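Overview (structure and organization)
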Amino acid sequence: MLNLNLIQHCANILGEILDFHGPADMKLSNYYRDHGELGQKDRGEIAECIYGIIRRLRFLKKLNEDDLNYKKLVIAWLIKIEGRSIRDLEHGLSKEEIEWAKSLKSRDTEKYTWPEKLSLPDWLWGLLVEQYGIEEAVLLGRSFLEPAKLDIRVNTIKMTRDELIKLLTKEVTDIEVMKYSPTGIRMPRGTSLSRNPLFIEGKIEVQDESSQILSFVIDAKRGMMVADFCAGAGGKSLAVGAIMKNTGRIYAYDISEKRIINLGKRLKKSGLSNLFAQKIKNEKDAKLKKLNGKFDRVLADVPCSGTGTFRRNPDLKWKNSMQDLDELNVKQLAILEEAKKLVKKEGRLIYSTCSLLKRENESIVESFLKNNKNFRSISVDEILIKNQVPLSTGNFLKLTPLHQKTDGFFAAVLQRID
């Protein structure tokens, strides 16, 4: 429960975060670094407050009549969302703030629109209703407001899931075995792993269950050549490397030097020797041309709106617009058109996003297949059955926080047939 002394800290941080330039977690880390007096417990409570406000930002601003008073946003979150009483707070508030807090109790929020209640931008709400219908859209919107737990993937190069659970149960009681991923467990939100020997030694990785499932959809076998075209932090490459039992070769490409360096650090402690990380200038880099037609599997996990990750990254709700989505669609198709060149005959191109929007998912796949008659879509269900993942979502992998309790995710498997 947030200490009264921390309310001002939360208000100060909100002033830096709510311009939505740069990642919220990085700004929080910088604030903590500048305020060394804040202990671990304080930092945890501040983070809970900040992310809670970002999740409910539109609703809280509406309560505050769109006045961006940061301290009032904190008060509104404490009273209307966390259920704190005014009596708990009043000795830390001014007379005007106390009167305003009292007025919150009588606010009729039922008359608010659904996107106001669910804290969603209008453009996104419109797309969700169009795609899912209003009832499903409301349920999805509510699922975005529930913070995600901590998902862990065991590095099977170093230990089994059963061995991991046996070790962890000595110190953590609330451990869930993942329903779908055979390599995952779920731990309570807020669990710190940075100093845990299992994490330091590369025996575990933080990875949402949806990404773990994707690593099985890729269906890479021992000895194959695999390309991760937009590798990012490299979590999927590391997972695939473990599935391949350290055989074959995985090439992880990304345009960011920083991400490639970070992947190198993770790779060093993973025990994998079959993964090679390389920086590229763009999707047309000359390095890639030499490998055209060489790969059994090519993963194109493309940049997207991130609508599937709102539980973990609520600030993304406020960073995109319909214009951004249009630009992303062009980029997604362009990346897919370049990634296809790496696929050998009878090889597979896997297209994936962490989006729930048809415009970034099925529509992109349909456009690609229309222009590339030498590729065909194959059933993800069949691949999951073969890899003993107890999940069925049809021809495509489609996951939502509402139905599977994972991040929202989409994947299509496209086989080259010429």
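These remarks concern the structure in this document.

1. Remarks on the side chain of aspartate 254
Mapped onto the elements, aspartate 254 comes out in strand β6 (residues 249-254). Given the relative accessible area of 6%, aspartate 254 is considered buried. A distance of 2.8 Å separates polar atoms of two side chains, one belonging to aspartate 254 and the other to arginine 259.

2. Thoughts on helix α1 (residues 7-17)
Where α1 is concerned, the buried positions are Ile7, His9, Cys10, Ala11, Ile13, Leu14 and Ile17. Where α1 is buried, its residues meet α2 (24-34), α3 (40-55), α5 (70-81) and α6 (86-89).

3. Description of helix α18 (residues 362-371)
Those residues of α18 that fall on the buried side of the exposure criterion are Glu362, Ile364, Val365 and Phe368. In a view along the axis of α18, the buried residues occupy a sector of 160°, so they form one face of it. Facing away from the buried surface of α18 by more than 90 degrees, the exposed residues are Lys370 and Asn371. Residues of α18 that are buried sit in contact with α17 (322-339), β9 (343-353), β10 (375-378), β11 (397-399) and β12 (409-416).

4. Remarks on the environment of proline 303
Relative to the assigned elements, proline 303 resides in the loop between β8 (295-301) and α17. According to the relative accessible area criterion, proline 303 is partly exposed, its value standing at 34%. When neighbours within four sequence positions are excluded, proline 303 is seen to be in contact with Leu328, Lys331, Gln332 and Ile335.

5. Some thoughts on a positive patch on the surface
Taken together, the side chains of Lys279, Lys281, Lys287 and Lys290 define a basic patch exposed on the protein surface. Note that lysine 290 resides in the loop between α16 (286-289) and β8. Exposure remark for lysine 290: the relative accessible area of 69% places this residue in the exposed category.

The rules behind the values
- Residues numbered from 1 in each chain as written.
- Predicted model: local features only at pLDDT ≥ 70, side-chain atom pairs only at ≥ 80, totals over all residues.
- Heavy atoms only, no water.
- Helix = DSSP H or I, 4+ residues; strand = E, 2+ residues; numbered from the N terminus.
- Buried < 20%, exposed > 50% of the residue type's maximum accessible area, 1.4 Å probe, protein only.
- Polar contact = N/O pair within 3.5 Å; in protein donor to acceptor, adjacent residues only side chain to side chain.
- Contact = heavy atoms within 4.5 Å.
- Arc of directions from axis to C-beta.
- Patch = residues over 30% accessible without salt bridge, like charges linked within 9 Å, V, L, I, M, F, W, Y side chains within 5 Å.
- Areas by Shrake-Rupley, 256 points an atom, 1.4 Å probe, with all protein chains shown as cover.
- Salt bridge = Lys/Arg side-chain N within 4 Å of Asp/Glu carboxyl O.
- Lys, Arg positive; Asp, Glu negative; His and termini not counted.
- Charge placed at Lys NZ, Arg CZ, Asp CG, Glu CD.

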